[in-house]
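Take a look at the letters that make up each chain.
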Amino acid sequence: MGARKIYLDNNATTPCDPRVVEAMVPYFFEHHGNAASRNHPFGWEAEEAVDYAREQIAKLINADEKEIIFTSGATEADNLAIKGVYEMYSRKGNHIITVKTEHKAVLDTCNKLEKHGADVTYLDVKPDGMIDLAELEAAIKPSTIMIAIMWANNETGVIQPMKEIGQICEKHGVLFFSDGTQAVGKIKTHPREVGVHLMAFSAHKMYGPKGVGALYVSRKNPRVKVTAQMDGGGHERGMRSGTLNVPGIVGFGKAAEIAMQEMDQDAARLSVLRDKLENAFKQELEEVYVNGNVNHRMPHVANISFKHVEGEGLMMTFNQEIALSSGSACTSASLEPSYVLVALGLGDDLAHSSLRFSLGRFTTDEDVNYAIEAIKKGVNHMRDLSPIWEMYKEGVDLSKIEWAAH
Ligand SMILES: *Cc1c(COP(=O)(O)O)cnc(C)c1O
């Protein structure tokens, strides 16, 4: 085991901010009530705490408290938004437009609805990961009820043109749902201002606890309704039954309050560190490619391919001392290249040679310096051992090689 543990995988989950944990603790003990218990102070205290958290969260996204529906996380919020709108608006149509680079919580939900009669268009993205607005508009049909496009991508950090998409939705009278999980609490995300009608997000991607999230549902201009996917008790104004996770919600609220105060300074500091990391690789290593649009990107994310170096192998060279994600996804039988990077047009080789760096509030300058040195060393080491790298250095055109079949 390495002496150091450096965490550069904040897009997978963030650690809880200690101030969040501190706010939660009393709600496991002295204030342990059920927010739905109407007849004693334990219930009232819990309800008050939930109301306060709802306010903190609504403020962060500039919404009304009544527009926040608590869920178990963004996966559930994605499901509630997509299935809930599909059922509620079935008389209007059955067509949904989404994008190939969405999170699985959106794509798998759309796949499921296709089995129940939905007509789903999966848009391509441009090589920089951005959607083509003309293509989006051309995909709209009279039967289109919803456009589902994420605010920022979890693998590349690419931010979609929300305002322009919102205008297209407005023009055609189509609901706009956005998975905001990677953007909320990190950059300004005010759904009403950009024409987003539903937005999913999650506490554990913004220094709050795991297992709690929310769906924003617009209540005016337009008043959106979703069919409940969970029945029993009628909590959350009938849209999501189930006893509320009071400590989790309190932590989520505190995380939102901190984010509101600190996101600008976090973003400024992290973009400097991110750029330092990226520039070090670009300047000191050959054949390094940054994936995704670098001008429309989250400040703390870099997705980088180190050509002819396999990302999973590279991670082994630093002995689990640095936590990162690679552009390879483990499926039951094999290592598949990331579908997001493939959608950007990367070949399997460049996708497999990518690493995702996602910095966070607790990432230090020393962490980044250490990671730069370890990764440079690892890349050089792997390339020194690689016959393909040797051929590349000798000027062999690797695309012309006929590999023996096996
Ligand atoms: C993490 C993530 C999710 C899933 O969120 P959970 O709260 O873990 O269910 C959904 N969408 C995006 C973009 C994510 O990054």
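Residues numbered from 1 in each chain as written. Predicted model: local features only at pLDDT ≥ 70, side-chain atom pairs only at ≥ 80, totals over all residues. Heavy atoms only, no water.

Q: Even after reading the chapter, I still don't get the sheet that holds strand S12 (residues 325-326), so can you show me in this structure?
A: The strands making up a sheet associate through hydrogen bonds between their backbones, and the pairing can be parallel or antiparallel. Strand order in this open sheet of 4 strands is S9-S10-S15-S12, and the pairing throughout is antiparallel. Two strands bound the open sheet, and with one partner strand each, they are strand S9 (288-290) and S12. Summarising the sheet, strand S10 (residues 301-306) and strand S15 (residues 354-358) pair through 5 bridges and their orientation is antiparallel. Residue pairing for S15: Ser305 is matched across the bridge by Ser354. (Pairing = 2+ DSSP bridges. Helix = DSSP H or I, 4+ residues; strand = E, 2+ residues; numbered from the N terminus.)

Q: Which parts of the structure should I look at to understand a positive patch on the surface?
A: A contiguous patch of positive charge on the surface is contributed by Lys66, Arg223, Lys225 and Arg237. Along the chain, Arg223 turns up in the loop between strand S8 (213-217) and helix H8 (246-284). Of the residues examined, Arg223 reaches a relative accessible area of 53% and is grouped as exposed. (Patch = residues over 30% accessible without salt bridge, like charges linked within 9 Å, V, L, I, M, F, W, Y side chains within 5 Å. Areas by Shrake-Rupley, 256 points an atom, 1.4 Å probe, with all protein chains shown as cover. Salt bridge = Lys/Arg side-chain N within 4 Å of Asp/Glu carboxyl O. Lys, Arg positive; Asp, Glu negative; His and termini not counted. Charge placed at Lys NZ, Arg CZ, Asp CG, Glu CD. Buried < 20%, exposed > 50% of the residue type's maximum accessible area, 1.4 Å probe, protein only.)

Q: Sorry if this is basic, but what is going on with the site of the ligand here?
A: Every one of the 13 residues lining the ligand counts as a neighbour, but Thr75, Asp179, Gln182, Ser202 and Lys205 are closest to it. At a separation of 2.7 Å, an oxygen atom of the ligand approaches a polar side-chain atom of Gln182. At 2.6 Å, a side-chain N or O of Ser202 approaches an oxygen atom of the ligand. The protein chains hide 87% of the 380 Å² of surface that the ligand would expose on its own. Residue contributions to the shell around the ligand peak at 3 residues, all from helix H3 (residues 74-88). (Near = heavy atom within 4 Å. Polar contact = N/O pair within 3.5 Å; in protein donor to acceptor, adjacent residues only side chain to side chain.)

Q: Looking at this structure, I do not really get the sheet that holds strand S3 (residues 95-99). What am I missing?
A: The sheet built from 7 strands is open, its strands ordered S2-S8-S7-S6-S5-S3-S4 with mixed pairing. Since the sheet does not close on itself, it has two edges, and those belong to strand S2 (68-71) and strand S4 (119-123), each with one partner. Strand-to-strand twist across the sheet, computed as the mean angle between neighbouring axes with direction ignored, equals 20°. The sheet contact formed by strand S7 (residues 198-202) and S8 spans 5 bridges and is antiparallel. Residue pairing in the sheet places Phe201 in a bridge with Ala214 of S8. The strands touched by H3 within the sheet are S2, S3, strand S5 (144-148), strand S6 (175-179), S7 and S8, with S7 carrying the most contacts at an inclination of about 160°. (Axes fitted to C-alpha atoms, helices over the stretch in contact; angles between N-to-C directions. Contact = heavy atoms within 4.5 Å.)

Q: Help me understand the pairing of S3, please; the structure alone is not making it clear to me.
A: Among the 5 residues of S3, 5 are classified as buried, and the element is accordingly described as predominantly covered. Going residue by residue along S3, you find His95, Ile97 and Val99 tucked away on one face and Ile96 and Thr98 tucked away on the opposite face as well. Bridge count for S3 against S4 is 5 bridges, and the pairing is parallel. Note on S4: the bridge partner recorded for Val99 is Leu123. Tracing the backbone out of S3, into helix H4 (residues 104-115) and back to the parallel element S4 gives a crossover that is right-handed. One ladder, built from 3 bridges, connects S3 with S5; its direction is parallel. Residue pairing across strands places Ile97 opposite Ile147, the latter belonging to S5. (Right-handed = clockwise from strand over helix to strand, strands pointing away.)

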